Every structure is written in structure tokens, then in C-alpha cells.
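Each chain, written out:
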Amino acid sequence: MQNATQTVYLNGEFVPLADAKISVLDRGFIYGDGVYEVVPVYGRRPFRMPQHLHRLQYSLDGIRLANPHAPQRWEALIGELIERQHFADQAVYLQITRGVARRDHAFPQGVAPTVFMMSNPLTLPTREQVERGVAVVTAQDNRWLRCDLKTTSLLGNVLMRQLAADHAALETVMFRDGHLTEASASNVLIVRDGVVIAPPKDNLILPGITYDATLEIARGAGVALDVRAVTHAEAMSAHEMWLSSSTKEVLAVTTVDGKPFGAGSPGPVFRRVWEAFQKVKTGDTVPA
């Protein structure tokens, strides 16, 4: 939970949240012209920091914005922000925008980026959600074609997430041209005949760090994998469906569009992978 005494980072300084201010001409505010990352932290130890920083660089390159810091500097700043919080398990949010400039669609020249970071308590799925699974709704994916970039322009995702909220569901699972893409704030994986099947990391889905971790952990647990395009029919008739994200870890879907999905409870492959995930997440290692 955010509070006024919470310490955040803004443009080179650690300051109380109440004192963190930006201009209304910041391009992040005017255009959503920026990128972000969320790094889960277990016991004050960031989970897969190099992978998150690599994805940050990928997103920055994708919007043609220079990275303000080298990886080692990011690690130091994030480490200091983590230590300034009074809670051990955290979700570090960092955002970089193109900075403050006169309103014009073209990139401004000679403008410093705006760099902001905050860290909140890491809120993970409840025991009930893990044991019983969660509900989702489905929809056509009508977002733009660069979903692989983790940009702050999230209105398409916001509308999809609200669609889920309108139906008392956790997520909206999306399909484009008859194929599974992702959910509003999660990657989506399915299980058929004991095989975990995941959509490929192309421009239509976010290259999830937890998506990769889930596949690696599943492989380490002896589960077969298949990364390929997944049709709507395959997804809707799968034996299991999972969500994965930094704050959901891996979570089973048991209700789709108001109807029981699969067996109506988390399946055996999910339970196997979830248990393995819990064992390795604090050590950031993958089972052999």
C-alpha cells in the first residue's frame, strides 16, 4: 500500500512519495511515451534482475529512447530502493519517459528522460486462489501490434482488465485471428495431454520474465513443453489453463466465461509446477 512517507526515486533523488512531482508536460503524461518494468523481490532479493533489465533495454530500443543507466547502475539504484522499504517482499516499479517538452508528436531533442521508481509490498495470489483457481473471461485482442514492448501506453490492457472486473473475473484472455495471445496483465499457457503449450514470443505478446521462468521450471520438473501458435479451439478445450506474471507467479484458471474449465479445479501439472516454482523462486535457480 502506498503512503506519503514511502520513499521513491525520481530523477536522481530518493524522496518521500508526497514530494515526488513531475511536470504536466511530461511526455509520459501527455502521450504515454515511456516504458516500465516490474521486478518482484523475495526477501529483499530481486527475482531475475538481469532478465528484467534486458527486457527494459528491449522496450527502450523499441521506442527509440536511450537508456539513462547501465545495468550495474540500475542494480545499485534498485537495491537501494529495496533497502529503504520496511517490507521484505516487494514489487519494484520503474518507469522511464521521454521527458518534459512542448507538446509535439515528434521526439524532442536534447531533453532528459524522466526516471521514476517505487516499491510496494508484493501481493501474491491467495491460498484460496492457488487451491481453487481463478475465473477469466475471453475477448478479441484489439490492441496495437507491438505488444512485445512494455510501454506505459496501456489503455488497451486497462479496458481488457476492466472487462474482467465487470464480470467478477481476474483476467481477460485474448485471441487474435483465431489464436491465443495473452491476458490483459498476464501471459497465458495451456496444458493438453500433460504437455505445457505456450504461444511464441512474437510481437503480439509481452515476453514475460515469469513466462520464461515457468517454462524453465516446468522443464526442470520433467514436464514436456511445446512453444507454438495455439488456436482458439485448442485453448478452450485444453485440460488446464494457466496465467503467469510477476505478481501472479503461476496461477490456474478454473472458470472461463462463467463456466467451469477443465476439471473445474487446478490440474495435476499445475500443482507440480507451482510447487517447483515455490521451491526455486527465492534462489532464482532452475531445477536440474
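For the structure, see preceding data.
Below you will find a few notes about this structure.

As for the overall build of the chain
Moving on, step 1. Of the regular secondary structure elements, the chain holds eight helices and 15 strands.
Moving on, step 2. Computed over the C-alpha atoms, the radius of gyration of the chain is 19 Å, within 12% of the 19 Å expected from 2.2 N^0.38 for a compact globule of 288 residues.
Moving on, step 3. Overall, the chain is about 55 × 40 × 35 Å in size when its C-alpha atoms are taken along their principal axes.
Moving on, step 4. Here the chain holds 288 residues, and 49% of them are scored as buried.
Moving on, step 5. Contacts spanning at least 24 positions in sequence make up 71% of the contacts within the chain whose residues lie at least 6 apart.
Moving on, step 6. Total accessible area on the chain is roughly 13400 Å²; 55% of this is exposed by carbon and sulfur atoms.
Moving on, step 7. Computed over 29 positive and 30 negative side-chain charges, the separation of the two mean positions in the chain equals 1 Å.

A closer look at the packing of helix 2 (residues 49–62) against helix 3 (residues 71–83)
Two quantities define a packed helix pair, namely the angle between the helix axes and the distance between the axes.
Moving on, step 1. Two elements in contact, helix 2 and helix 3, have axes separated by 11 Å at closest approach and are oriented at 120°. Relative to helix 3, helix 2 is oriented oblique. Crossing angle aside, the handedness with which helix 2 passes helix 3 is right-handed. Taken together, the residues of helix 3 that come into contact with helix 2 (itself represented by Met49, Leu53 and Leu56) are Pro71, Trp74, Glu75 and Ile78.
Moving on, step 2. For the contact of helix 2 with helix 3, a count of residues per class yields six nonpolar, no polar and one charged.

Brief notes about the side chain of Thr214
Moving on, step 1. Tracing the chain through its elements places Thr214 in helix 6 (residues 209–220).
Moving on, step 2. The residues touching Thr214, leaving out its near neighbours within four places in the chain, are Trp242, Ser244, Val250, Val273 and Phe277.

A few points about helix 2
Moving on, step 1. With 14 residues, helix 2 ought to run about 20 Å at 1.5 Å a step, and its terminal C-alpha atoms sit 20 Å apart, in line with that.
Moving on, step 2. Listing the buried residues of helix 2 in full gives Met49, His52, Leu53, Arg55, Leu56, Ser59 and Leu60. What you see down the axis of helix 2 is that its buried residues fit within an arc of 160°, all on one side. Exposed positions of helix 2 whose direction lies more than 90 degrees from the buried face are Pro50 and His54.
Moving on, step 3. Summarising the contacts, the buried residues of helix 2 are in contact with strand 3 (34–42), strand 4 (45–46), helix 3, strand 5 (90–97) and helix 6.
Moving on, step 4. Where helix 2 ends, the next residue or the one after it, Arg64, has phi of about 60°, a positive value.

Details of the packing of aromatic side chains
Moving on, step 1. Inspection of the entire model under this criterion finds five aromatic pairs.
Moving on, step 2. For the ring pair Tyr36 and Tyr93, a centre distance of 5.5 Å and an interplane angle of 25° mean the geometry is stacked. Placement of the pair is Tyr36 in strand 3 and Tyr93 in strand 5, with a sequence separation of 57 residues.
Moving on, step 3. Tyr36 gets classed as buried once you look at its relative accessible area, which sits at 13%.

Quick notes on unusual backbone geometry
Moving on, step 1. Phi is positive for Asp193, close to 50°, though the residue is something other than glycine.
Moving on, step 2. Mapped onto the elements of the fold, Asp193 is located in the loop between strand 10 (187–192) and strand 11 (195–198).

Digging into the nonpolar core
Moving on, step 1. Ranked by size, the top nonpolar core spans 53 residues in total, and within it Val173, Ile190, Val196, Trp242 and Leu243 carry the most contacts.
Moving on, step 2. With seven residues, the top contributor of residues to this core is helix 8 (residues 268–280).
Moving on, step 3. The residues contacting Trp242, other than those within four sequence positions of it, are Asn187, Val188, Leu189, Val191, Val196, Thr214, Val250, Leu251, Ala252, Val269, Phe270 and Val273.
Moving on, step 4. By size, the runner-up hydrophobic cluster in this structure holds 21 residues, among which are Tyr9, Val39, Val92 and Met117.

What counts and how
One numbering rule holds for all chains: residues counted from 1, following each sequence as written. Since the coordinates come from a predicted model, pLDDT governs what is reported: local features require at least 70, and pairs of side-chain atoms require 80 or more to be given and counted, while whole-chain, interface and lining totals use all residues. Where side-chain values are given, they derive from all heavy atoms of the structure, hydrogens and water being excluded. Secondary structure follows DSSP: runs of H or I at least 4 residues long count as helices, runs of E at least 2 residues long count as strands, and numbering of each begins at the N terminus. The size measure is the radius of gyration over C-alpha atoms, and the globule rule it meets is 2.2 Å times the number of residues to the 0.38 power. Think of it in three bands: with a 1.4 Å probe and only protein chains considered, a residue is buried below 20% of the maximum accessible area for its type, exposed above 50%, and partly exposed in between. We call two residues in contact when some of their heavy atoms are within 4.5 Å. To measure how exposed things are, a 1.4 Å probe is used in the Shrake-Rupley method; for residues, cover is taken only from the protein chains shown. Charged residues are defined narrowly, with Lys and Arg counted positive, Asp and Glu counted negative, and His plus the chain ends left uncounted. In this description, the location of a charge corresponds to atom NZ of lysine, CZ of arginine, CG of aspartate or CD of glutamate. To get an axis, fit a line to the C-alpha atoms, keeping to the stretch in contact for a helix; angles then go from 0 to 180 degrees between the N-to-C directions. Working definition: roughly parallel below 35 degrees, roughly antiparallel above 145 degrees, roughly perpendicular at 65 to 115 degrees, and oblique for all remaining angles. Two helices crossing with the near one rotated counterclockwise from the far one by less than a right angle form a left-handed crossing, whereas a clockwise rotation gives a right-handed crossing. Throughout, the ten residues Ala, Val, Leu, Ile, Met, Phe, Trp, Tyr, Cys and Pro are labelled nonpolar, Asp, Glu, Lys and Arg are labelled charged, and all others, Gly among them, are labelled polar. A helix is expected to reach a length of 1.5 Å times the quantity of its residues less one. Throughout, the arc means that of the directions going from the helix axis to the C-beta atoms. Ring pairs are drawn from Phe, Tyr and Trp, using the six-membered ring of Trp, whenever the two centres fall within 6.5 Å, and their geometry is named by plane angle: stacked under 30 degrees, edge-to-face over 60, tilted for the rest. Residues grouped as a nonpolar core are buried Ala, Val, Leu, Ile, Met, Phe, Trp, Tyr and Cys residues, joined through side-chain atoms within 4.5 Å.

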